[in-house]
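Close look at the chain arrangement
The primary structure of each chain is shown beneath.
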Amino acid sequence: MAGGTIAAPQRFRPTSGLLLVLGLFLLWEVSARTGMVDSPNWPPLSRVLAALARDTASGEIPLLVGSTLMRMFMGLAAGTVAGVALGLLFGASRFAARVLGPTVELLRPIPIPAIIPPLVLFLGLDNTMKITIAAITAFFPVLTNTVQGLRAVEADQIAMARTFGVPPWRRLFRVTLPAILPYVMAGLRVALALALVTTVVAEMIAGEQGVGHYLVLMQFAGRAEEMYGAVLVLAVLGYALNRGFLAFERHMIGWFFATGRDG
Amino acid sequence: MAILELEAVEKSFPARGGPPTLAMDKLSISVREGEFLSILGPSGCGKSTLLQIAAGLMEPSGGTVRVAGRPVNGPPPEAVYVFQQYGRSLLPWRSVRDNVAFAVEHRPGMSRAKSRAVADAQLEAVGLTGFGDHYPWQLSGGMQQRVALARALAAEPKILLMDEPFSAVDALTRLDLHRLMLELWEKRGLTVVLVTHDVEEAVALSDRVALLTKRPSTIARVVETGLPRPRDAVEVRETPRFLELRHELLEVLLTRGGHAA
Ligand SMILES: Nc1ncnc2c1ncn2[C@@H]1O[C@H](COP(=O)(O)OP(=O)(O)O)[C@@H](O)[C@H]1O
Ligand SMILES: [Mg+2]
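Below, the structure is looked at part by part. (Residues numbered from 1 in each chain as written. Chains lettered and ligands numbered in written order. Predicted model: local features only at pLDDT ≥ 70, side-chain atom pairs only at ≥ 80, totals over all residues. Heavy atoms only, no water.)

1. Considerations on the overall build of chain A
The secondary structure content of chain A amounts to twelve helices and zero strands. Principal-axis analysis of the C-alpha atoms gives chain A an extent of 75 × 50 × 30 Å. Each of the 263 residues in chain A was classed as buried or not, and the buried ones make up 43%. Across chain A, the fraction of contacts at a sequence separation of at least 24, relative to all contacts at a separation of at least 6, is 71%. Here chain A displays about 14000 Å² of accessible surface, and carbon together with sulfur accounts for 68% of that area. Here chain A carries 20 positive and 14 negative side-chain charges, and the mean point of each set is 13 Å from the other. (Helix = DSSP H or I, 4+ residues; strand = E, 2+ residues; numbered from the N terminus. Buried < 20%, exposed > 50% of the residue type's maximum accessible area, 1.4 Å probe, protein only. Contact = heavy atoms within 4.5 Å. Areas by Shrake-Rupley, 256 points an atom, 1.4 Å probe, with all protein chains shown as cover. Lys, Arg positive; Asp, Glu negative; His and termini not counted. Charge placed at Lys NZ, Arg CZ, Asp CG, Glu CD.)

Spelled out as structure tokens, the structure:
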């Protein structure tokens with residue numbers, strides 16, 4: 001599944017920014033070939049790409065990317081649900097916000113990689129720990145934006161649903177949640193970029209899974225070509241995820257941009 | 001027969017660092033079934049508060065509200081409240097048709113096809129045939145107000161509670177909406193309570209006009225217009241009775257109930 005993402009042909013416009021990227025790739029190739037940088041740890045780009053093509057064709061890279069993405073998305077989904085749920089609770093109950101708010105604010109600034117070692121002790125090295133890391137990554141920005149979104153919900157829209165006799169649970173799903181969706185999506189966009197980082201870091205630190213672990217493994221093995229290949233894959237992945245999300249967002253909340261509420 | 005009764009209704013709002021401010025003081029009024037009643041008063045006198053209490057959207061601090069003889073606690077099924085700022089009460093993520101369908105789609109036995117058919121019929125009634133697939137923000141203010149009206153009608157209420165529904169549109173659109181309002185009221189046998197600060201609008205549309213005092217508001221007087229039915233919302237403005245009523249009500253508003261100036 002992820003192989004498609006990587007190999008997907010990108011439609012580029014020949015802009016000057018792209019020319020710089022190509023120039024840097026060229027510099028990479030030339031500096032490695034001519035001995036400007038003479039090191040076994042600096043292979044030319046062409047050999048990195050050749051190794052990458054080989055491991056992609058063999059299915060190894062797609063499998064690694066797929067497993068990393070799967071953990072990341074499962075975590076994002078769990079963290080988003082938890083963030084929205086707690087945000088709704090904060091919105092519904094001042095008491096809950098007062099009691100739980102300070103704890104949330106205290107936990108939020110902890111760098112997420114710092115909780116990987118203690119989390120390993122509780123959840124082990126494998127999926128559960130890494131999905132939890134991605135979930136925590138998504139949780140905070142989604143929570144913040146949910147609370148912010150609830151403040152922006154039009155009181156008239158809720159009252160309108162009441163005057164038509166729409167029951168509370170239906171008001172939640174048909175008015176409140178659609179109304180805060182743009183805010184949740186904005187939180188999720190932040191979370192998506194962060195979650196790729198934290199998921200890969202978690203894989204690098206613990207266990208034997210995913211692109212993160214592969215990256216560290218290749219470094220220890222002194223296989224520079226594969227190592228750079230993994231870095232390139234992550235760069236493309238991060239870019240593609242962001243672009244994909246932007247398109248998804250336009251599709252889901254086009255009304256929000258059309259009504260100029262985004263700015 | 002009274003379909004909506006307010007009896008000694010009071011409302012006070014909590015004020016920061018002081019005693020609560022009284023916005024409404026022992027207000028009583030009885031709305032007859034099938035009548036078109038306007039409640040007239042200057043801005044800030046408590047018109048929205050009054051209407052929201054009648055709609056069961058706001059709790060009074062004292063007194064009782066009855067709809068069809070039953071005390072109101074929560075929005076009664078007979079009444080629908082139409083918001084002052086129509087743009088804000090429409091759901092921007094729903095098409096015009098689905099906005100109207102929202103009024104009924106939660107009801108038991110209402111399939112999606114059925115609620116959309118209801119919506120299309122109401123859109124036709126307000127002159128918006130063919131706009132079902134548009135989004136509210138693609139329409140003009142007057143058209144958005146028609147959508148809000150269609151949505152209210154879809155619920156088939158006995159009572160329409162309208163909060164300055166025509167105050168945010170231009171004068172020509174307003175007259176257009178007045179005609180539509182009279183047509184719908186006549187056809188459907190609705191009871192309409194319309195809140196407004198526009199004397200001409202109140203007189204042109206209503207059977208009775210209730211004047212509110214300044215805050216804390218209460219009913220200053222109730223005037224029977226005695227204007228003929230059926231009536232044309234534009235032509236009625238040229239009758240002597242209309243001019244007489246306009247003069248009388250403006251006089252009261254400007255001397256007693258109106259702004260400080
Ligand atoms: N939620 C509220 N809290 C405090 N004061 C309010 C609130 N709602 C309305 N008021 C006050 O009550 C008075 C009547 O308001 P409102 O009913 O909106 O007037 P109108 O609709 O006639 O312009 C105003 O003076 C307003 O400041
Ligand atoms: Mg008002």
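2. Observations regarding the environment of Thr49(B)
All names here are of chain B. Tracing the sequence through the fold places Thr49 in helix 1 (residues 47–54). Taking relative accessible area as the criterion, Thr49 reaches 12% and is therefore assigned buried. Thr49 has contacts with Lys11, Phe13, Met24 and Met58, leaving out every residue within four places of it along the chain.

3. So, the site of ligand 1
All names here are of chain B. For ligand 1, the full set of nearby residues is Phe13, Ala23, Pro42, Ser43, Gly44, Cys45, Gly46, Lys47, Ser48, Thr49 and Arg215. Here ligand 1, which alone exposes 560 Å², has 61% of that area covered by the protein. Counting residues per element, the shell around ligand 1 draws most heavily on helix 1, at three residues. Split into classes, the residues belonging to the shell around ligand 1 amount to four nonpolar, five polar and two charged. (Near = heavy atom within 4 Å. Nonpolar A, V, L, I, M, F, W, Y, C, P; charged D, E, K, R; others polar.)

4. As for the interface of chain B and chain A
Across the boundary between the two partners, chain B contributes 23 residues, which contact 21 residues of chain A. Both sides together, the interface formed by chain B and chain A hides about 2000 Å², and carbon and sulfur atoms give 67% of it. Of all residues in chain B, Trp93(B), Phe102(B) and His106(B) bury the most surface against chain A, accounting for 32% of the area lost on that side. Inspection of the chain B/chain A interface yields three salt bridges. Put simply, chain B and chain A have seven residue pairs in polar contact (both at pLDDT 80 or more) between them. Contributions of two or more residues to the side of chain B that touches chain A are made by strand 6 (79–82), helix 2 (86–89) and helix 5 (141–154) of chain B. A total of three residues in the side of chain B that touches chain A trace back to one element, the largest contributor, which is strand 6 of chain B. Its residues assigned to classes, the side of chain B that touches chain A shows 15 nonpolar, four polar and four charged. (Buried area = accessible area lost by both parts, 1.4 Å probe. Salt bridge = Lys/Arg side-chain N within 4 Å of Asp/Glu carboxyl O. Polar contact = N/O pair within 3.5 Å; in protein donor to acceptor, adjacent residues only side chain to side chain.)

5. Observations regarding the packing of aromatic side chains
One pass over the structure, following the stated rule, counts 13 aromatic pairs over all chains. Considering the side-chain rings of Phe256(A) and Phe257(A), the 6.1 Å spacing of their centres and the 80° angle between planes classify their relative orientation as edge-to-face. Relative to Phe83(B), the ring of Tyr81(B) has its centre 4.7 Å away and its plane inclined at 75°; by these criteria the two rings are edge-to-face. Relative accessible area serves as the criterion here: at 4%, Phe83(B) is assigned to the buried category. Joined through ring pairs, the aromatic side chains of Tyr183(A), Trp255(A), Phe256(A), Phe257(A) and Trp93(B) make up one cluster. Directly above the ring of Phe257(A) sits Arg250(A), whose terminal nitrogen or CZ lies 4.0 Å from the centroid. (Phe/Tyr/Trp six-rings, centres within 6.5 Å; stacked < 30°, edge-to-face > 60°. Lys NZ or Arg CZ within 6 Å of the ring centre and 35° of its normal.)

6. Focus on the sheet that holds strand 7 (residues 159–163) of chain B
Residues and elements named next belong to chain B. The strand order across the open sheet built from six strands is 6-7-8-3-9-10, with neighbouring strands paired in mixed fashion. The open sheet has two edge strands, strand 6 and strand 10 (219–224), and neither has a second partner. The average undirected angle you get between the axes of adjacent strands in this sheet is 15°. Strand direction decides the pairing type here: strand 3 (residues 36–40) and strand 8 (residues 191–196), joined by five bridges, are parallel. Pairing of Ser38 across the sheet is with Leu194, part of strand 8. Sheet strands in contact with helix 1 are strand 3, strand 6, strand 7, strand 8 and strand 9 (208–212), and its direction is about 155° off that of strand 7. Along the sheet, helix 6 (residues 171–188) contacts strand 3, strand 7 and strand 8; its crossing angle with strand 3, the most-contacted strand, is approximately 135°. (Pairing = 2+ DSSP bridges. Axes fitted to C-alpha atoms, helices over the stretch in contact; angles between N-to-C directions.)

7. Here's the deal with the side chain of Glu164(B)
Structurally, Glu164(B) is set in the loop between strand 7 and helix 6. Non-local contacts of Glu164(B), meaning those with residues more than four positions away in its chain, are made with Lys47(B), Gln84(B), Val195(B), Thr196(B) and His197(B).

8. A closer look at the pattern of salt bridges
Following the criterion strictly, the structure yields 32 salt bridges over all chains and no others. Where Glu29(A) meets Arg33(A), a salt bridge forms, and the shortest distance between an N and an O atom there is 2.7 Å. In this pair, Glu29(A) and Arg33(A) both sit in helix 2 (residues 16–33), four residues apart, roughly one turn of the helix. Glu29(A) gets classed as buried once you look at its relative accessible area, which sits at 17%. Residue Arg208(B) is joined to Glu35(B) by a salt bridge in which the shortest nitrogen-to-oxygen separation is 2.6 Å. Residue Arg208(B) is found in strand 9, and its partner Glu35(B) is found in the loop between strand 2 (21–32) and strand 3; the two are separated by 173 residues along the sequence. Glu35(B) matches Arg208(B) in its accessibility class, with the two residues each being buried. One salt-bridge network, in which partners are shared between bridges, spans Arg54(A), Asp55(A), Arg223(A) and Glu226(A).

9. Remarks on a nonpolar patch on the surface
Nonpolar side chains collect at one region of the surface, where Leu20(A), Leu24(A), Leu26(A), Leu27(A), Val30(A), Met36(A) and Val37(A) lie side by side and expose about 680 Å² of accessible area between them. Relative to the elements of secondary structure, Leu26(A) occurs in helix 2. (Patch = residues over 30% accessible without salt bridge, like charges linked within 9 Å, V, L, I, M, F, W, Y side chains within 5 Å.)

10. Quick look at empty space enclosed by the protein
The full count for this structure, using the stated rule, is two cavities of 30 Å³ or more. In terms of lining residues, the largest cavity is bounded by Leu4(B), Leu6(B), Ile29(B), Val31(B), Leu37(B), Ile39(B), Leu50(B), Leu51(B), Ala54(B) and Val193(B). Ranked by residues supplied to the lining of the largest cavity, first place goes to helix 1 of chain B with three residues. Split by residue class, the lining of the largest cavity holds ten nonpolar, no polar and no charged. Residue lining of the second largest cavity: Met160(A), Phe164(A), Tyr81(B), Val82(B), Phe83(B), Ala148(B), Arg151(B) and Ala152(B), and that is the complete set. The set of elements that each furnish at least two residues to the lining of the second largest cavity consists of strand 6 and helix 5 of chain B. (1 Å grid on protein atoms, 1.4 Å probe; cavity = no way out; pocket = protein on both sides within 12 Å on 5 of 7 lines; lining within 4 Å. Points joined across faces, edges and corners; volume = space filled by probe spheres on them.)

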